[in-house]
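One letter stands for each residue in the lines below.
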Amino acid sequence: MIKFLVKNTTIKCFITTSLCMLNLAIVGQVEPAPTVKKITEDIESNFRPYLKKALAKNRKLLGTSPLVFTNTFENPIESHFNNFPMKYFETVTEPTSYGSTLIATAWSERIRDTSQIYRLNYRLSNACENSALLKPANLQLAAKQIEDHASESKRHMLQSLNSRSWRYLQKHASALLNASLLSFTSTKQSWFERYKTKKVIRILNNVDLNQGLCSREVWLNLADPAWLSHIYKLMNAHGRAGNAIILEIETEYGKIIFGGKADKRISANDILFIASLGGNNHYNNSSSSLFTGIPQLIVDFSGDDVYQSSHIGGIASGIGRVAVAIDYSGNDIYLGDQLSQGAGLVGHGILIDLEGDDAYNARLMSQGFAHYGTGEILDIAGNDTFKSRGLSQGVGLSNGLGILQDLSGDDVFIAQGFTPTSYGTPGISDAWSQGVGAGIRPYARGGIGLLIDHHGRDQYQSTSFSQGGGYFFGTGALIDLGKQSDSYIGARYQLGWAAHAGLGFFIEQGGADDYRSLGSANAGAAWDHSIATFFDLSGNNHYQLGEFSFGSTAHGSMSIFSDHSKNNQFKSIKNTESRKGAPNLSILLKADAQGNEVENLCRLEEGSKYTLTINITDQVFSSVKALLDQQCKRAVSADSRLSK
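These notes cover the structure that comes with them. Keep in mind that what you see is a predicted model, and the values were worked out from it rather than measured. (Residues numbered from 1 in each chain as written. Predicted model: local features only at pLDDT ≥ 70, side-chain atom pairs only at ≥ 80, totals over all residues. Heavy atoms only, no water.)

## Looking at the sheet that holds strand 20 (residues 419–420)
An order of 20-21-25 is seen for the three strands of this open sheet, with the pairing classed as mixed. Since the sheet does not close on itself, it has two edges, and those belong to strand 20 and strand 25 (464–466), each with one partner. As defined by bridge partners, strand 20 adjoins strand 21 (residues 429–433) across two bridges and the pair is classed as antiparallel. Residue Thr 419 lies in a different strand from strand 21, and its bridge partner there is Asp 430. (Pairing = 2+ DSSP bridges. Helix = DSSP H or I, 4+ residues; strand = E, 2+ residues; numbered from the N terminus.)

## A look at the packing of aromatic side chains
Applying the stated criterion to the full structure yields 33 aromatic pairs. Ring centres of Trp 527 and Phe 548 lie 5.7 Å apart, and the angle between their planes is 80°; on these two criteria the pair is classed as edge-to-face. Within this pair, whereas Trp 527 is found in strand 32 (residues 525–527), its partner Phe 548 is found in the loop between strand 34 (542–544) and strand 35 (553–554), the two being separated by 21 residues in sequence. One exposure class covers both Trp 527 and Phe 548, and it is buried. Relative to Phe 550, the ring of Tyr 543 has its centre 5.5 Å away and its plane inclined at 65°; by these criteria the two rings are edge-to-face. In this pair, the class of Tyr 543 matches that of Phe 550, namely buried. Geometry around Tyr 423 places Arg 492 over its ring, the cationic atom sitting 3.8 Å from the centre. (Phe/Tyr/Trp six-rings, centres within 6.5 Å; stacked < 30°, edge-to-face > 60°. Buried < 20%, exposed > 50% of the residue type's maximum accessible area, 1.4 Å probe, protein only. Lys NZ or Arg CZ within 6 Å of the ring centre and 35° of its normal.)

## Points about the pairing of strand 21
With five of five residues buried, strand 21 is to be regarded as a mostly interior element. On strand 21, burial covers both faces: Ser 429, Ala 431 and Ser 433 on one face and Asp 430 and Trp 432 on the other are all buried. Bridging between strand 21 and strand 25 involves two bridges; their strand directions are parallel. Note that in strand 25 the partner of Asp 430 across the bridge is Ser 464.

What follows is the structure in structure tokens.
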């Protein structure tokens, strides 16, 4: 089913296979029924031509806006599937059991896959050449390899923009951050704010993503598990392995430190490379050098460590550079402000934690955040807690790929919200977190944000605009592949949603899950030429959501809501519908269990197994609607309606 979501590269393929996907999603269904075939034919002849016309009009309106750079946007629906990282779901969502059989190469392959996904999505070249690292005979030779890679990585990064642009970004870093936040914190802008934002976006639109990606790949050679294992052996064999510091070397790019087994406090401000054998270490960033192009790699092999920063940047903070942190074991604490813990801003930030019950806490733009680059957290084992105010936990802004991936453990994801909601609802804030791809409206189209959890009994708590959503040409997904029971708490726009030409996915593999919302537009809600999908594949679930949810659509959108259980509980559901503006396609597929009260469903008589509803608001769909109404009146069984 996941492969169906990622192999569609045109409007035609998406609309046709989406309906087939509904049948495949039902356990035991193998062939599309005549009803679905008829719907597909009518959609091909009616919906697709209208959608093409509506999108052309929408794009024209965007292009005439004085605040929009017209070359930033494309046909929203078609561009999503032309640009979507098709290989990603195939690569990282395989339900493999890691547990105690972890191999070091598992994480190495995953972070390298991200480079390929980024290249495919943004149509980048394969110009970057890399050769395998030779194993050095001693630590001095290892330091020479590190320095050479730093020089090469910096060269590529600085070539991604001209020197004048780099100087501007160094001087006006706060303006860049404000431009990134502006769309999410205020709907009103002064002329000076518009001027600064437009200037920053113009500069960012000239970033050579190929050069930035080459910088990432060059530096990731040093994160190769085989090379790090060899360095570990050299350090252990050294006569000073029991000390805090084994060897320290000054370079023009910063310090290279080989640390021993004793506890130590490290100022990470001017560190190029550090590897520590052990100890309960404290890494502190008291200041940050922004947009220097100089990379950083921190490797800690054991111990309960603290990684702390009170300023912009910090651990695995790729602000105009590549920054990688790898922690092999221990119960670690990560504390950050903005752009830390796997964040990329015109750069690439990667944080990998292989083992331990870890606590991640950051304020904004962290924990798998990316804007004109990549930001990634990969946590392989342990019961972990992720906390942030917002724009975190798998968020991709323009030309960004942000990923938070957790492979095992009972985890908690919390996004508290950082700005009062623009809808004026008392006590509700916006978080823009947990698998969200969003554009800087109306200046730049969105990127890709993914939150993927593979196993465990997890808790997801957030405020508005979270948990698998796409906004303003962005693509976002929250995917939980575990079969344990999970809980989801949120507000407006939650659980697989999309708005303003966005694309949102929510997939829950199994368990008796609890879905609760303090607002509307949840569980497959699509607004304004968008596509939203919600799939819960098994388990008896509890839903308490607001209005405009369960596959609701508006203004020329498409949505799918699918739940396979017969014994769900629905509360406080109203106005589940398709409405307003252009034609919409809303598909709701659920088990028909006695006692479920959901408005606007075409109810089947007792004995039927499934309910299929399409709500349509335009005359071009009258034949499809009449066909479905007729099917409902006949009250045929699910097997005869949905399979043959």
